[in-house]
Amino acid sequence: MSFSEFIKLIEDAPIMQYVAYFFIFNLVLIIFEITLDFFTSKERRWKDSLANIIIFILGQLLEKTVFGAIGIICLMPFHWLSPFEIPINGWTWVLAFFAADFTYYWMHRTEHEHRILWANHSVHHSSEDYNLTVSMRLSIIESAIEWIFLIPMILIGFAPFQAVVALIFVAQYQTWVHTERIVKLGWLDEVFNTPSVHRVHHGSNRKYLDKNYGGVLIIWDKIFGTFQREEEKVIYGLTRNIHSNNPNNINFIEYKNIWKDVKKCRTWKDRFRIVFGNLVWRPDYLKNKTNKTNDNHHSIHQ
């Protein structure tokens, strides 16, 4: 498939209408919850919600232009190199969805396990509120690198268009799970990512850390040992919160903290591990200087 044929496929694909419908539906849900909270006086940090909306607008402007183009351009060579080609039809859309959901699990888990990736993903976890606007609180530059996780799907034969759209559906599904207004849903909580399941994921409670990475299906967490039911009251945010509603600070504070740690390192090996290693690693000569509260993936090192 040439690049021009790929562009024509996007323009002609009716599935893009469903992406648009899903997007509009999610916006309506968010507006409805905001209105409901306003008139029922439900506790909400309104400046936090405004910051989430601003971050969303900035992210969409970049994702739908520069970063979106980067992703497609970078994935096309892998498509051309792949010896396989999966046709696009109804059945393969189902397969693509499951493959994208599996991909999302490992992408999400990896973002929690490596500090340079957590620098992006921590944006989503830094709100101390839990409402539908939190689903909009995503790093404005995260989409510039997430295409990397789709490479395995491309190499086994999925077209870049199909892989990207399938991952978009997985992401769009998750808007509704960012709410406290929906309680536990019984057996659904055992199979799907639901509000109860995802509240756990956003918890800074020790028993909730590093749990429930699934996008749509939560069975991946059960298979790979990261599932946790909602049992105790969830404390949202980071174990060391940033206390800021500034969109710029929210997006880049962890990069600043990484840079501070890098400057303290004595060897290039230590600098490399600070940037690309796990979130808790520090060289021995820095451990005594590191705040003892910075002991898990929800920590923001300051």
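These numbers come from a predicted model, not from an experiment.

Within the element layout of this structure, Thr103 appears in helix α4 (residues 90–113). Judged by relative accessible area, which is 12%, Thr103 ranks as buried. Residue contacts for Thr103: discarding those within four places in its chain leaves Phe149, Leu150 and Met153.

An ideal rise of 1.5 Å per residue puts 52 Å on 36 residues; helix α3 (residues 46–81) measures up with 49 Å between its terminal C-alpha atoms. At Glu63, α3 shows its largest bend, some 50 degrees.

All right, on to the layout of surface pockets then. The volume enclosed by the largest pocket comes to roughly 1400 Å³. The wall of the largest pocket is formed by 48 residues, among which Gln60, Glu63, Lys64, Ile168 and Ala171 lie closest to the centre. At 13 residues, α3 tops the list of elements feeding residues into the lining of the largest pocket. Broken down by class, the residue content of the lining of the largest pocket amounts to 26 nonpolar, 17 polar and 5 charged. Of the pockets and cavities examined, the second largest pocket occupies roughly 240 Å³. Around the second largest pocket, the lining is made up of 14 residues, and of these Arg45, Glu128, Asp129, Glu180 and Tyr236 lie nearest the centre. In terms of residue class, the lining of the second largest pocket is made up of 4 nonpolar, 1 polar and 9 charged.

This next bit is on the nonpolar core. Ranked by internal contacts, the top residues of the largest apolar core, which has 19 residues, are Leu75, Ala100, Leu150 and Met153. Counting residues per element, the ones that place at least two in this core are α4, α6 (151–155) and α7 (160–173). Among residues more than four places away in sequence, those in contact with Met153 are Ala96, Ala99, Ala100, Thr103, Phe158 and Ala163. Grouped together as the second largest cluster of nonpolar side chains are 10 residues, Ala51, Ile140, Ile253 and Leu279 included.

As a further point, take α7. With 14 residues, α7 extends 20 Å between its outermost C-alpha atoms, agreeing within 8% with the 20 Å of an ideal straight helix rising 1.5 Å per residue. The buried fraction of α7 is high, at 11 of 14 residues. Of the positions making up α7, those classed as buried are Pro160, Phe161, Gln162, Ala163, Val165, Ala166, Leu167, Phe169, Val170, Gln172 and Tyr173.

Each value, and the rule that gives it
Residues numbered from 1 in each chain as written. Predicted model: local features only at pLDDT ≥ 70, side-chain atom pairs only at ≥ 80, totals over all residues. Heavy atoms only, no water. Helix = DSSP H or I, 4+ residues; strand = E, 2+ residues; numbered from the N terminus. Buried < 20%, exposed > 50% of the residue type's maximum accessible area, 1.4 Å probe, protein only. Contact = heavy atoms within 4.5 Å. Expected span 1.5 Å × (residues − 1). Bend = angle between axes of the 7 residues up to and from the residue. 1 Å grid on protein atoms, 1.4 Å probe; cavity = no way out; pocket = protein on both sides within 12 Å on 5 of 7 lines; lining within 4 Å. Points joined across faces, edges and corners; volume = space filled by probe spheres on them. Nonpolar A, V, L, I, M, F, W, Y, C, P; charged D, E, K, R; others polar. Core = buried A, V, L, I, M, F, W, Y, C linked by side-chain atoms within 4.5 Å.

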